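# Coordinate analysis (summary)
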Amino acid sequence: MSKILVVFGATGHQGSSIVNYVLNDSELSREYQIRAITRNINSEKIKQLKERVEVVQGDVLDRASLEAALTGAHTVFSMTTPDFGPNGLEVEYENGKRIADVAVEKGVEYIIFSTLPSASEITGGKYTRITPFEAKAKIEKYIRGLPIKSAFYCPGYFMEDFQSPIFLNTKKAPDGTWVITRNVPSTALMPIVDAVGDSGKFVGAILADPDKYEGKLFCAAILYSWEEIVAAISKATGETIVFKQVSSEEFEESLPGFQKMFTDAFRYQEEYGGFCGPESKKLIDWAAKNARGKLTTFEEFLKTHPVQLE
């Protein structure tokens, strides 16, 4: 009998990638039966998903629904969405903790959690405002202390983020060129990953050999400098785009929200060797080597995902 693989966020970037990867892999599709968890079982995406997998209603805030959703499950892919309220860190942590606790109570054998590192811990308290990083790191630490096997998927910034004008943050100059500003130099490295195209390749490796990867962290990304990112977008759009380094104060003024979080995030990565800390390149190389399949380059992504500059 197939093992039940519960996937949270099954219609999102990461979850949909895992669902599609497992369904299209001859080995994993025989070994696992997918159960997609969703709050709204009547959404259009879920209606399409129902044709291929089991769909169960579940809300991370409703413990009873989680208990029903995780009954009989063998493996759980768990993820949490950031909360940007005043107590966002604790809210996200409690959501991730609740999923893990119910999984243990229901006899689930394995949890794969989508995590991020603690910038505060890595920097000795210098950068403390990147709350999604801190919340996920806290959940990961909690899961590692539970009596259940676990592994961790740690994705870089999504290539899909560049389709958002807010994240891209371009401005048109009087001479007709486009300017991308950041509070780091153009040589600073950005860890990016095709979340929809490639998340399944990393999580699929864990699913195919869970004992080998128990306790392991897949730091999933390809490293690009901002100079390389801007060049790729320029080529894909046919527009002249230049990179401009500005002060953290000026960068914060250019963003409509979450300014301090992104200011800290970019500075942290530039100063401490990457989003997974000083060992980022080594960890990223290991993850790419162990992924099940070639990773999508940013240039390849841009060919099928047009970027809007405004």
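Residue indices follow the written sequence of each chain, beginning from 1 at its first position. Local features in this predicted model are restricted to residues of pLDDT 70 or higher, and side-chain atom pairs are both shown and tallied only at a pLDDT of 80 or more, whereas totals for entire chains, interfaces and linings draw on every residue. Excluded from the side-chain calculations are hydrogens and water; all other atoms, namely the structure's heavy atoms, are used.

This next bit is on the pairing of strand E5 (residues 110–114). Across a regular strand the side chains alternate sides, sitting on one face of the sheet and then on the other. Relative accessibility thresholds used throughout: buried, under 20% of the residue-type maximum; exposed, over 50%; partly exposed, between the two (1.4 Å probe, protein chains only). Runs of E in the DSSP output that reach at least two residues are strands. Runs of H or I that reach at least four are helices, and both are numbered from the N terminus. In terms of residue burial, E5 counts as a mostly covered element, since five of its five residues are buried. Alternating residues of E5 divide into Tyr 110, Ile 112 and Ser 114 and Ile 111 and Phe 113, and every residue in both groups is buried. Each pair of strands is called paired provided DSSP finds at least two bridges between the two strands. The pairing of strand E4 (residues 75–78) with E5 spans four bridges and is classified as parallel. Across the sheet, Ser 78 pairs through a bridge with Phe 113, a residue of E5. Pairing analysis gives five bridges linking E5 to strand E6 (residues 149–155), with the strands arranged parallel. Counterpart to Ile 111 in the pairing with E6 is Ser 150.

Any carboxyl oxygen of Asp or Glu within 4 Å of a side-chain nitrogen of Lys or Arg constitutes a salt bridge here. Scanning all chains against the criterion turns up 20 salt bridges. Where Lys 149 meets Asp 211, a salt bridge forms, and the shortest distance between an N and an O atom there is 3.4 Å. Of this pair, Lys 149 sits in strand E6 while Asp 211 sits in the loop between helix H9 (195–208) and strand E11 (217–220); the two residues are 62 residues apart in sequence, bridging distant segments of the chain. Three or more residues joined by partner-sharing salt bridges are found here, namely Lys 126, Arg 267, Glu 270 and Glu 271.

This part takes up empty space enclosed by the protein. Grid spacing is 1 Å over the protein atoms alone, the probe is 1.4 Å, and a cavity is where that probe fits but cannot get out, while a pocket is an open set with protein on both sides within 12 Å along at least five of seven lines and lining residues have an atom within 4 Å of a point. Grid points are joined across faces, edges and corners, and a volume is the space filled by probe spheres set on the points. Overall, the coordinates contain one cavity of 30 Å³ or more when judged by the stated rule. The calculated volume of the largest cavity comes to roughly 30 Å³. As for the largest cavity, its lining consists of Tyr 32, His 74, Thr 75, Tyr 110, Ile 112, Ile 206, Leu 207 and Pro 210. Going through the elements one at a time, E5 and H9 are the ones with two or more residues in the lining of the largest cavity. Note that Gly is not counted as nonpolar here; it falls among the polar residues with everything else outside the nonpolar set of Ala, Val, Leu, Ile, Met, Phe, Trp, Tyr, Cys and Pro and the charged set of Asp, Glu, Lys and Arg. The residue inventory of the lining of the largest cavity, partitioned by class, reads six nonpolar, two polar and no charged.

Moving on, we come to the state of the cysteines. In plain terms, two cysteine sulfur atoms within 2.5 Å form what is called a disulfide here. In total, this model carries one disulfide according to the counting rule given. Disulfide pairing places Cys 219 opposite Cys 276 at an S-S distance of 1.9 Å. Sign of the S-S torsion, about 110 degrees for the bond between Cys 219 and Cys 276, identifies this disulfide as right-handed. Here Cys 219, found in strand E11, pairs with Cys 276, found in the loop between helix H12 (259–271) and helix H13 (280–290); they are 57 residues apart in sequence, far enough to count as distant. Summary of cysteine pairing: Cys 154 is not part of a disulfide, and the nearest cysteine sulfur, belonging to Cys 276, is at 3.8 Å.

Following the sequence through the fold, Arg 30 ends up in helix H2 (residues 26–31). Separated by 27 residues in the primary sequence, Arg 30 and Lys 3 have C-alpha atoms spaced 9.0 Å apart.

Attention now goes to the environment of Asp 194. Within the secondary structure, Asp 194 is located in the loop between strand E10 (189–193) and H9. Separated by 42 residues in sequence, Asp 194 and Ala 236 have C-alpha atoms that sit 16 Å apart. If sequence neighbours within four positions are ignored, Asp 194 has contacts with Met 159, Glu 160, Ser 199, Thr 296 and Phe 301. A 3.5 Å cut-off defines polar contacts: any pair of N or O atoms within that distance qualifies, except that in protein one atom must be a possible hydrogen donor and the other a possible acceptor, and neighbouring residues in sequence count only when both atoms are side-chain atoms. A polar atom in the side chain of Asp 194 sits 2.9 Å from the backbone nitrogen of Gly 197. The contact criterion used is simple: two residues touch if any of their non-hydrogen atoms lie within 4.5 Å.

Stacked, tilted and edge-to-face pairs are distinguished by plane angle, under 30 degrees for stacked and over 60 for edge-to-face with tilted covering the rest, among Phe, Tyr and Trp rings (Trp via its six-membered ring) whose centres lie within 6.5 Å. On inspection of all chains with the given rule, the structure shows 19 aromatic pairs. An angle of 90 degrees between the planes, with centres 6.3 Å apart, marks the rings of Phe 133 and Tyr 268 as edge-to-face. In this pair, Phe 133 sits in helix H7 (residues 131–144) while Tyr 268 sits in helix H12, placing the two residues 135 residues apart along the sequence. Like Tyr 268, Phe 133 is buried.

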